[in-house]
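Fold and geometry: a report
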Amino acid sequence: MSLPVLGMQETRVIKPCRKFEGHTEGVRGVVHLPGGQRILTCSWDGSLRVWGLHSGSQIETWRDAHPAVNDIALSPDGKKVVSVGEGTSMTLWNTDSGKVVAEWTGHVRGIVSVCWNGDGGRVVSGSYDGTARVWDVGSGKTVLAINPRFEYLGVVSYSPDSTMIATGGLGGLKIWDEKTAKLIANLKGYTAAGTVYCVVWTMDGTTLVSASEDHSIIMWNTNTWGRIVVLPTGHTQSVKAIAISPNGHILASASRDGTAQLWNLEGGLPDVMISSPLRLEHTGEVECVSFSTDGKLLATGSWDKNAYLWDTSAIIRQTSLGEPLLDLHDGDKALLQADTTRGPGQQRENKHRLPPGFFDDVAPYPSRWHSPPLSSPRQNHVVRHLPSHRRTLLGGISSYNTHDTPIRPRLLEWARNRFHNSPNRRNGTGIDKTQDSRSKIITISPTILSACMTGDLPMAEDLLTQEINNDADSYNSYANRSFLMARKLNWDRALYDALQSISIQPSLIGCISKGIALCGKRNFQDATKAFDLAFMFADGDSKTTNLLLLIKAIALFNANQHDEAMVRIQELATACPNADIVACRIVEAYLHVQLGINTLDHKEAAAHFTAAVENCLFPSIHSTYEVFVVLFGWDLKSLWKTANQKRCHAFLRGGRITEALESYRYMMDMSDEATKASCLNWSTGFKQDCEAFYAANGDTAPVVSTEPYPAAADPDPESDTIFADRCKDKLARALWEEALLDAQKVIELNPSSPLGYRLENAALHCTKHWDEAYEDVRIVLSKLETTPDAQTQELHHVSSSEVEGAIREVVNTQLENTPLRLLNTFTGRLFDRETQTNAFKASIEYEKLLSSTTKLADFRVERIQDVVITYFRYVTLSHRWSGKEPLLQDIQDKAIYDLDPVGSVTKLQSFCKTARDAGYRWAWSDTCCIDKNNHPEVQESVNSMFAWYSRSALTIVYLSDVMPLSTAGALARSDWNRRGWTVQEFLAPRIILFFQKDWTLYLNDRSPNHKNSIAIMQELGYATGIDVQALVTFRPGVEGARKKLQWASMRVTTLQEDIAYSLFGIFGVHLPVIYGEKGQNALGRLLQEIVTRSGDISVLDWVGKPSEFNSCLPAEIGSYRPLPYTSSSLSEDLIEAAASSLRNTVAVDLASGLYNLLSSLGSPRFASRRLHLPCLTFPVTEVRWRDDRDQEIPINAIYAYEVKAKGLHDLLLLTEEQLPTWQTLLLVYPWDHCLLELPSSAPTVRDAQDYSVARSLGKNERVGSGSRWRASQLISRLRQRDSESHWRALRLIVRLRQPFTAFLLVRQRGGEYMRIATNQVITAQVQDMASVRKMVDSIRSSIRTVEIL
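Residues numbered from 1 in each chain as written. Predicted model: local features only at pLDDT ≥ 70, side-chain atom pairs only at ≥ 80, totals over all residues. Heavy atoms only, no water.

1. So, the overall build of the protein chain
- Each helix and strand in the protein chain was counted, giving 44 helices and 44 strands.
- Here the protein chain, with 1349 residues, has 56% of them falling under the buried criterion.
- Long-range pairs, those at least 24 residues apart, make up 61% of the contacts in the protein chain with a sequence separation of at least 6.
- Looking at the protein chain as shown, the accessible area adds up to about 57,500 Å², and 49% of this sits on carbon and sulfur atoms. (Helix = DSSP H or I, 4+ residues; strand = E, 2+ residues; numbered from the N terminus. Buried < 20%, exposed > 50% of the residue type's maximum accessible area, 1.4 Å probe, protein only. Contact = heavy atoms within 4.5 Å. Areas by Shrake-Rupley, 256 points an atom, 1.4 Å probe, with all protein chains shown as cover.)

2. Here's the deal with the state of the cysteines
- As enumerated under the stated definition, the model contains zero disulfides in all.
- No disulfide involves Cys42; its nearest neighbouring cysteine sulfur is the one of Cys288, lying 6.7 Å away.
- Since its relative accessible area comes to 0%, Cys42 is described here as buried. (Disulfide = S-S within 2.5 Å.)

3. Regarding the packing of aromatic side chains
- Under the definition given, this model contains 29 aromatic pairs.
- On the numbers, 6.1 Å between centres and 40 degrees between planes, the contact of Phe632 with Trp634 is tilted. As far as the burial class goes, Phe632 and Trp634 line up, both buried.
- Feature note: the residues Phe831, Phe840, Tyr846, Tyr871, Phe872 and Trp922 constitute an aromatic cluster, connected by ring pairs.
- In this arrangement the basic side chain of Lys240 is found over the ring face of Tyr197, its NZ or CZ atom lying 4.9 Å from the centre.
- Just above the ring of Phe1303 sits the side chain of Arg1315; from NZ or CZ to the centre is 3.9 Å. (Phe/Tyr/Trp six-rings, centres within 6.5 Å; stacked < 30°, edge-to-face > 60°. Lys NZ or Arg CZ within 6 Å of the ring centre and 35° of its normal.)

4. Concerning the pattern of salt bridges
- Counted by the stated rule, this structure contains 31 salt bridges.
- The partner of Asp975 in a salt bridge is Arg978, with the nearest N and O atoms 3.3 Å apart.
- Under the relative-accessibility criterion, Asp975 is labelled buried at 19%.
- Taken together, the salt bridges that share partners define one network made up of Arg28, Lys240 and Glu287. (Salt bridge = Lys/Arg side-chain N within 4 Å of Asp/Glu carboxyl O.)

5. Things to note about the packing of helix 11 (residues 524-535) against helix 12 (residues 542-558)
- At a closest axis distance of 10 Å, the pairing of helix 11 and helix 12 adopts a crossing angle of 165 degrees. With respect to their mutual orientation, helix 11 and helix 12 come out roughly antiparallel. The interaxial crossing formed by helix 11 with helix 12 has right-handed handedness. Of the residues in helix 12, those touching helix 11 at Phe524, Thr528, Phe531, Asp532, Ala534 and Phe535 are Thr545, Leu548, Leu549, Ile551, Lys552, Ala555 and Leu556.
- For the contact of helix 11 with helix 12, a count of residues per class yields nine nonpolar, two polar and two charged. (Axes fitted to C-alpha atoms, helices over the stretch in contact; angles between N-to-C directions. Parallel < 35°, antiparallel > 145°, perpendicular 65-115°, else oblique. Left-handed = near helix turned anticlockwise from the far one by under 90°. Nonpolar A, V, L, I, M, F, W, Y, C, P; charged D, E, K, R; others polar.)

6. A look at helix 44 (residues 1332-1342)
- Here helix 44 has its buried residues at Val1332, Met1335, Val1336, Ile1339 and Ser1342. Down the axis of helix 44, the buried set is contained in an arc of 125 degrees. They therefore lie on one face. (Arc of directions from axis to C-beta.)

7. Quick notes on the sheet that holds strand 22 (residues 227-231)
- Taken in spatial order, the four strands line up as 19-20-21-22 in an open sheet, and their pairing is antiparallel. Both outer strands of the open sheet, strand 19 (196-201) and strand 22, are each paired with one neighbouring strand and no more. When the angles between neighbouring strand axes are averaged without regard to direction, this sheet yields 20 degrees.
- Both strand 21 (residues 217-221) and strand 22 contribute to a ladder of four bridges, which runs antiparallel. Bridge assignment links Trp220 to a residue of strand 22, and that residue is Arg227. (Pairing = 2+ DSSP bridges.)

8. Notes on the pairing of strand 11 (residues 111-116)
- With six of six residues buried, strand 11 is to be regarded as a mostly interior element.
- Relative to strand 12 (residues 122-127), strand 11 runs antiparallel, the two being bridged by five bridges. When the sheet's bridge partners are listed, Ile111 is paired in strand 12 with Ser127.
- Linking strand 11 back to strand 12 in an antiparallel pair, the connection comprises five residues, with Gly120 at a positive phi of about 75 degrees.

9. Re the sheet that holds strand 7 (residues 69-74)
- Spatially, four strands are ordered 7-8-9-10 in an open sheet, and the strand pairing comes out antiparallel. Across the chains shown, the open sheet's two edge strands, defined by having one partner strand only, are strand 7 and strand 10 (100-105). For this sheet the average axis-to-axis angle between neighbouring strands, irrespective of direction, equals 20 degrees.
- In the sheet, strand 9 (residues 89-94) pairs with strand 10 via five bridges, with the strands oriented antiparallel. If you follow Met90 over to strand 10, its bridge partner there is Trp104.

10. Digging into the confidence of the model for the protein chain
- For the protein chain, per-residue confidence averages 77 on the pLDDT scale, and 77% of positions sit at 70 or higher.
- Here residues 1-11 scores under 50 on pLDDT; set against residues more than four positions off or in separate chains, the count is 24 contacts.
- Counting interchain partners and residues more than four positions distant, the pLDDT-below-50 stretch residues 787-797 has 58 contacts. (pLDDT = per-residue confidence, 0-100.)

11. Quick word on the environment of Phe628
- Within the secondary structure, Phe628 is located in helix 16 (residues 626-632).
- For Phe628 and Ile554, which are 74 residues apart along the polypeptide, the C-alpha to C-alpha distance reads 9.1 Å.
- Phe628 has contacts with Leu547, Leu550, Ile551, Ile554, Val587, Gly633, Trp634 and Leu636, leaving out every residue within four places of it along the chain.

12. Some thoughts on the nonpolar core
- Counting residues in hydrophobic clusters, the biggest one holds 115 residues, and the most contacted among them are Ile807, Leu823, Phe911, Phe986, Leu987, Phe994 and Leu1086.
- Aside from chain neighbours lying at most four places away, what touches Ile807 is Phe840, Tyr846, Leu849, Leu850 and Ile864.
- With 107 residues, the next largest nonpolar core counts Leu548, Ala565, Phe628 and Phe651 among its residues. (Core = buried A, V, L, I, M, F, W, Y, C linked by side-chain atoms within 4.5 Å.)

13. Some thoughts on the environment of Ser238
- Relative to the elements of secondary structure, Ser238 occurs in the loop between strand 22 and strand 23 (239-244).
- What makes Ser238 buried here is its relative accessible area of 7%.
- Counting along the chain gives 22 residues from Ser238 to Ser216, while the straight-line C-alpha distance between them is 8.2 Å.

14. Examining the environment of Gln1080
- Along the chain, Gln1080 turns up in helix 39 (residues 1079-1094).
- Every residue in contact with Gln1080, bar those within four places of it in the chain, is listed here: Pro1106, Ser1107, Glu1108, Phe1109 and Ala1115.

Given below as structure tokens:
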């Protein structure tokens, strides 16, 4: 049978729906991150960038160690990303935090491709060095090496079952056994130019697809390794990337010809029929392509520096290819389209297709992809949560804030647009009566239900446990207890109970409990599967299905997936005709309130609370929705009141008093008598708040009334009130038709009041009568426009929930800046942040704060902060590790005071007791408060340790080798003073106390802060070489790097890499912590970062052995000890005198030209461990070995050389190794911008323009004398600046003639250089020449930037 080669048909050009701009070099890789809301790209600019799909904006930038990133791969669980590039290492990232988890090294050249195996335990990489390596993710070690013997290795890829590895490159395609590295198949069929750039396997592993430089795409049968088909792609240049959609129906290819193409593979293999491809146009070479997990979106990356997003579902539906590409079995359909009446056993199996959830449970992306961005970036965060027909409201408010235009006309415009453009607008829609679906979701006894509703969780837990003990097969009880554990945030127990429920009997309630628990553990992929399974138990009931969709969205929201959750709810409300619109609005309202509470921006908070008020149209909520109370602990009874009150406060605190008063009037208008009564104290406080606002702005406060709209004279007010109250009650009980009749009666009795129209609007919304609802809004707004601002009273009482929310925000902020765990000095137990928060809520301080903050005058964030900061103050310990220190696992779930007081346990106990006696509740020790087995935690702790010591209330230094009654000098002699980590531990804290071996104060100094003790600080300064002022007021940063490195040069650490890690905080840098790397590498990474940030070349001044990281850096910190010689600098008087002597001998243009040339030099920088150093270069012309004693072997194995270099005085060099005199040698003067003595404001082009104008004015006799005087003053000032510039140029020449510290470099084969280390500082000096002009010319010719390995 001959192989089919399929012909091409005409392609169709498609445009992208989103463009992502920001990279400065070509985009080489793209992946879709979990949740479906973000993508991650990598680029040759050395960065990885996270983008929001809806906004198209950049969210985060991850800076890779590589100068150019070639490829990225996402782990199967979506929690990690590995990136590779032009460097020899691989970087492992955490996708949630964006932080580096690990770096792996092993390749000797840059890495081009990377791929995960199926279970995420291994990674395979392919390198320019021609090898593929398999890495164990846990250890970071190479477990297998493969040598395909390609001249160029272009791609590596795991098979779906992880048993095989495909390698492609210049030479073809080879398949290897993953365990033995034995060759399985060598696939032939490519042209001589056919470098294989990409391969991809089908999900069942039966087909392998490869693409190459010769434009072809080949499909291979993995059983016979024969070709199935060759696709004549129509690409005119190399195919760089291919991808297959999750359902196997669509193939995407990307090419250097600037196009990506989509192919129809529907119909199966091997009898594949290829429809005409869809052509996706780009403006540059296309390097990468990736489908989203649901197959609806395609992301591409181009050499034009941009990434693009394509809506494949919309593209397919708009073409003649039709639905087959998207047609899946029921389990694969979107949840909104799936047949939920079919039970679990009725689902069709198909191993070649995705599991349920292929399209997820959201509608296709709506037209908002193409809508223009909103005017306010801050507002975008809020508006993107809202359905399209409600976004104009927030846009209007934003515009009102910006241009100070009246709000009512904008609200009228919003109302008109809202209802005329509503996607849900219907004519004659019947009343949608809500039925109770709670019993179908949860089955629970009335007593337990009551306990869950009232928040008595301990009682509910006890009762459920009794039920389980009485009936071990009660799957309902296990699931209900799982819900309870989830409310307590005990996710492990919640998941355990959910799994127990399902193991007894798979059920709706069991699947829901599992989905909620997995969301809490942030395992979203498995959570989606659990929720998908739950839909199969819905029995086709639309109400239950809708409720399930909402529960799933809430679970995602509680797991901090806010954007995705809000989009799901809004699209359910707008896209599904059978959706319970009221339930959707209640949930959306509640979540908006949470978002408003959690933001610190008043404007953003007001937008969230406004959205909540719009969605929650009546004060009371029907018991139908108590399922949300049981599952999530929601307070639905006060939702309407809370949203309105917080909206009033948000507007007021944002200075928007008019909107605050209007919001208040709306609330009072819509409140029933019970709600008004409960708001009396709150209203009192609100009045005081408004009066204070007006007083602060010098205005007279209006009298605010709770009845802002006067009743007409004719209607009977009593009847009006009766019908209004009855309408509100019926709205609360979901009796929409009866509520609508009462609202119409209110309008009939009092047509001049907006109240009736608002009530009717609420009822019409619930019955989906959009046109009539719009008319009510129009009438209400007309009433507002004709009604004068009310003279109302405003009273405000702060509710307990409001106080609790404010306290929670302050506590969260406080704990974000403290260590991850602390010891409670009273109980001796270890507390994490969650248990610390719970301890605070149970404390008397919390109760006092709650009970005393009832009035607005007491409700101040500063007051809350004072209480919280005082409660959470902590003490840190600085000490030298000795013997077996108690670690985290030794004290976990134990009280340290109960441990045997032996060895280092005694030290820990004494430390906590000392901190407790000093009045502190919390203490931190690096021995037991860090999980040393958790690499991300170690990484965070090392990079945060300086900040933790800095923020501590007190640092206790324990000197175990300083005996009681010691005299001055014992501190200086202590071994604590020789350890590397202790430098930051005494520099960072504000308050510090030194304790002797018996835990008495050093020198019996009882002052509250030993940093204020002159005697102790002088002794510490003498011992460390650190200035006393720096000891007391140290600030981290890269400034003065050489001096700070000298402080650490005499220090030692147990692990060689720790000497660099201990300095991260001192220099204020945040770098990966890679235990197991060489100390030279760790120190090299730190020094590279310092030079890159500061341009400080003093870091290069050292004597000793060079580093393997870069020859211009030292191998060890000890090389920064005080240099035996430093060139003496001229005094200011001598410099001035020498410059004056040059004034009459050196032409101004000559000096200024050299000055300008040197000022244009860039700063030193590193790229791929190579140092690019601007300098003055002096070629070595002669090297002569000198032996004063005529011996062949120098004394002490030191070589002495007499060196001559062009433009320099002769000098003597001492080295440990023989100089390579047969190679090109250079002596260089590293350029230091400090020699320029740049002023704070340098001359500009504008100065030259001013000078020209001033001269013209000065010569123009027509202008007034005043103008000529100002012109003369300007000319004088500009001339003075020119004179100062010339003077600095002369001073520069004087400095360049002084001795300087030089480096000796040797040229390598590739034109780069390496530094030759010497046993002493090389001091050189520019030769005296017959004229300064010759010296300047010589210097000008020596300026260059050299690349040093």
